Amino acid sequence: MCADLSRTQRNLLVCERSSFLDEKNRVSSQMEQLRFNYKVSVLLPEYDSAPSHLESILNSFSSFYLIKQLPLYELLDKDFLQSAVYQGSVYGLSFRTRIDEDNCVALMPNGHLVFSLDKDAFETLGLEGRPSRSNRTSSRYEVTVDLRDGSMAPGGRSYLRLRRALMSHLKLQMDFLISHHPGGGASLRPLLSRCDWLERRPEVSRRGLSRLVRPALRSCDPHDLLEWIGAVDAAVSLENSSSDFLSTLTCLEPEATVSRAMSMSACGLLLPQDLQHLVEELRCYLQQAQTDSWASVTVHGFTDSPVSWGDGGRDILTGGHDLYNLLMFPDHTYRLHLATGAQKTCPP
């Protein structure tokens, strides 16, 4: 039975035009709000090979670790709390779990341990929580514990209650991705030493493009612009030729044809700090490029993360794809596009 398209949930796209020279620009702060990023794509015109210094930046992104079947009570180990959670920023996320039907967990850089649980797991855990804000009929619940709060100090009443719940009542185990800034693996050693783990690095790829028809980047409608960038990243043809039966997409309001371009991407558990460094290097690159040059950076969040922008909960069953795109120009101006799921308010 076909869905009633007139009742399709909305999505939100927030757009900002400003300059990096404006002290009130929000690029850096907005990038920090999407904590769990799995892919970054960079699109550069007039290149048939990746600039060596930009490719080296992607290859220098922080390592992350895949812990196999992590018992969640291990995240409460006092040595791990002292070396990682209380010092710097931890980025931890359950892996290969589906937000609409599995129990999912995130350990955030502010020390919050966030659970997205089904009804049975929530009742077994026995902690205070609330129904999922995005879909109250889905029988899912959100629980947030601040591991940096004084009441959660090791040996305290609340700490022992949570540890007992995870060890004896709700014995959750799951594959877990984790990274730490700035300490890396050294800060995570108390946890890794007791687990089965693999060190991973983001997977970097590159692809050359030719005769790329582009729209008017400074004035194009934001939705059309993101559709064009997405089609380029997905290698979807925009020619709409008579022999192409797979796609009828075209570049709306084409302005120019780029003779050559380079698309680069990195996939993994990507830290906001690494992405901010990439943006700064791209700004330096643009200062040395032609006056009509530009650079596009698109970042996608993990779809099955229990948190979205900031501390917000994830949409359940109705979307929830979080991403942002930053389009930069040599004169320090930029267009920032923030996209989020159906039930969310505007990104912070």
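None of these values were measured; they are calculated from a predicted model.

**A look at the pattern of salt bridges**
Okay, step 1: Counted by the stated rule, this structure contains 11 salt bridges.
Okay, step 2: A salt bridge links Asp-233 to Lys-39, with the shortest nitrogen-to-oxygen separation between them at 3.1 Å. Placement of the pair is Asp-233 in helix H7 (residues 222-233) and Lys-39 in strand E2 (residues 37-45), with a sequence separation of 194 residues.
Okay, step 3: Take Asp-233: its relative accessible area is 26%, and that puts it in the partly exposed class.
Okay, step 4: Given the relative accessible area of 18%, Lys-39 is considered buried.
Okay, step 5: Among the ionic pairs, Arg-283 bridges to Glu-280, the shortest N-O distance being 3.8 Å. Here Glu-280 and Arg-283 lie together in helix H8 (residues 272-288), a separation of 3 residues that amounts to about one turn.
Okay, step 6: By relative accessible area, Arg-283 is classed as buried at 19%.
Okay, step 7: In this structure, a network of salt bridges that share partners links the residues Glu-74, Asp-77 and Arg-194.

**Comments concerning helix H6 (residues 185-192)**
Okay, step 1: Restricting attention to buried positions, one finds in H6 the residues Gly-185, Ser-187, Leu-188, Leu-191 and Leu-192. Buried residues along H6 cover an arc of 145° about the axis, so they all sit on one side.
Okay, step 2: Structurally, H6 contributes buried residues whose contacts are with strand E3 (64-71), helix H3 (78-85), strand E9 (173-181) and strand E10 (197-200).

Thresholds, definitions, all that
- Residues numbered from 1 in each chain as written.
- Predicted model: local features only at pLDDT ≥ 70, side-chain atom pairs only at ≥ 80, totals over all residues.
- Heavy atoms only, no water.
- Salt bridge = Lys/Arg side-chain N within 4 Å of Asp/Glu carboxyl O.
- Helix = DSSP H or I, 4+ residues; strand = E, 2+ residues; numbered from the N terminus.
- Buried < 20%, exposed > 50% of the residue type's maximum accessible area, 1.4 Å probe, protein only.
- Arc of directions from axis to C-beta.
- Contact = heavy atoms within 4.5 Å.

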